[in-house]
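A closer look at the structure
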Amino acid sequence: MSFNRRQIGQYAEHFALQYLKQQGLVEIQHNFHSRYGEIDLIMLEQNCLCFVEVRARKRTTYATAAQSVTAAKQRKTILAAQWFLQCYPLYENFECRFDVMTIDYEHFVQDVVEATQQSVNIHWIKHAYTM
């Protein structure tokens with residue numbers, strides 16, 4: 001069984017969400033869509049609203065997952081986050097930060113349920129960029 005990019009992306013987001021929950025963060029929204037773009041995960045860590053971009057790469061020959069978060073993607077995420085804050089004024093006085101979760105893996109296991117920290121290399125980059 002082989003997986004397409006979309007399935008791998010969905011798996012990566014699920015894996016990142018579970019990881020962040022284990023670290024004590026609370027999920028606010030998953031895949032927030034706006035006319036500016038999408039935010040993969042919006043999490044709450046105490047009084048800080050975390051806008052999280054999740055990136056996965058099977059091969060890092062050309063770029064790592066972290067290197068794939070371009071300046072253009074950062075601008076889109078910032079605009080989407082500003083839109084989120086306008087839509088949900090409850091959070092407008094919260095501290096905000098932009099994190100990146102990267103997942104680099106050499107071999108995507110056939111059964112994603114069996115994926116372990118050994119087959120997936122995950123990094124959580126807090127404060128990856130700012131507004």
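Everything discussed here concerns the structure shown above.
Residues numbered from 1 in each chain as written. Predicted model: local features only at pLDDT ≥ 70, side-chain atom pairs only at ≥ 80, totals over all residues. Heavy atoms only, no water.

**Thoughts on the overall build of the protein**
Quick reminder of the rule: A run of DSSP states H or I qualifies as a helix once it reaches four residues; a run of E qualifies as a strand once it reaches two. Both are numbered from the N-terminal end. We call two residues in contact whenever any of their non-hydrogen atoms come within 4.5 Å of each other. Computed with a 1.4 Å probe, the accessible areas rest on the Shrake-Rupley method; for each residue, only the protein chains presented here act as cover.
Along its length, the protein carries 2 helices and 5 strands. At a minimum sequence separation of 6, the contacts of the protein that also span at least 24 residues come to 62%. In the structure as shown, the protein presents an accessible area of about 7,900 Å², 48% of it carried by carbon and sulfur atoms.

**Some words on the side chain of Arg 55**
Put simply, the rule reads: Polar contact criterion, stated in full: a pair of N or O atoms within 3.5 Å, where within protein one must be able to donate a hydrogen and the other to accept it, and residues adjacent in sequence count only if both atoms are side-chain atoms.
Among the structural elements, Arg 55 can be located in strand E3 (residues 48-57). Here Glu 53 takes part through its side chain, which lies 2.9 Å from a polar atom of the side chain of Arg 55.

**Remarks on helix H1 (residues 5-22)**
Heads up, the condition is: Every helix has an expected span of 1.5 Å times one less than the residues it contains. Each residue is placed in one exposure class: buried if its accessible area under a 1.4 Å probe, protein chains only, is under 20% of its type's maximum, exposed if it is over 50%, and partly exposed if it falls in between.
With 18 residues, H1 should cover 26 Å at 1.5 Å per step; its first-to-last C-alpha distance of 26 Å lies within 8% of that length. Of the positions making up H1, those classed as buried are Ile 8, Tyr 11, Ala 12, Glu 13, Phe 15, Ala 16, Leu 17 and Leu 20. Elements that come into contact with the buried residues of H1 comprise strand E1 (26-34), strand E2 (37-45), E3, strand E4 (95-104) and strand E5 (121-129). Immediately beyond the C-terminal end of H1, within one or two residues, lies Gly 24, with a positive phi of roughly 100 degrees.

**Description of the state of the cysteines**
The test is simple: For this text, the term disulfide refers to a pair of cysteine sulfurs within 2.5 Å.
Per the stated rule, a full pass over the model turns up 0 disulfides. A disulfide-free cysteine, Cys 50 has its sulfur positioned 4.2 Å from the sulfur of Cys 48, the nearest such atom. For Cys 50, a relative accessible area of 0% puts it in the buried group.

**Looking at the nonpolar core**
For soluble globular proteins, nonpolar side chains are generally found buried alongside one another. We count it as follows: Note on terminology: a nonpolar core comprises buried Ala, Val, Leu, Ile, Met, Phe, Trp, Tyr and Cys residues joined through side-chain atoms within 4.5 Å.
Judged by nonpolar contacts, the single largest core of 18 residues is most densely connected at Leu 20, Leu 41, Met 43, Val 52, Val 54 and Met 101. Listed by contribution, the elements that provide at least two residues to this core are H1, E2, E3 and E4. Broken down by element, this core gets its largest block of residues, 7 residues, from H1. Grouped together as the second largest cluster of nonpolar side chains are 16 residues, Ile 39, Phe 84, Leu 85 and Tyr 129 included.

**Considering the pattern of salt bridges**
What counts here: Any Lys or Arg side-chain nitrogen located within 4 Å of an Asp or Glu carboxyl oxygen qualifies as a salt bridge.
By the definition in use, this model includes 6 salt bridges. The closest approach of N and O atoms between Lys 21 and Glu 27, which form a salt bridge, is 3.7 Å. Each of Glu 45, Arg 97, Asp 99 and Lys 126 takes part in salt bridges that share partners, so that together they form one network.

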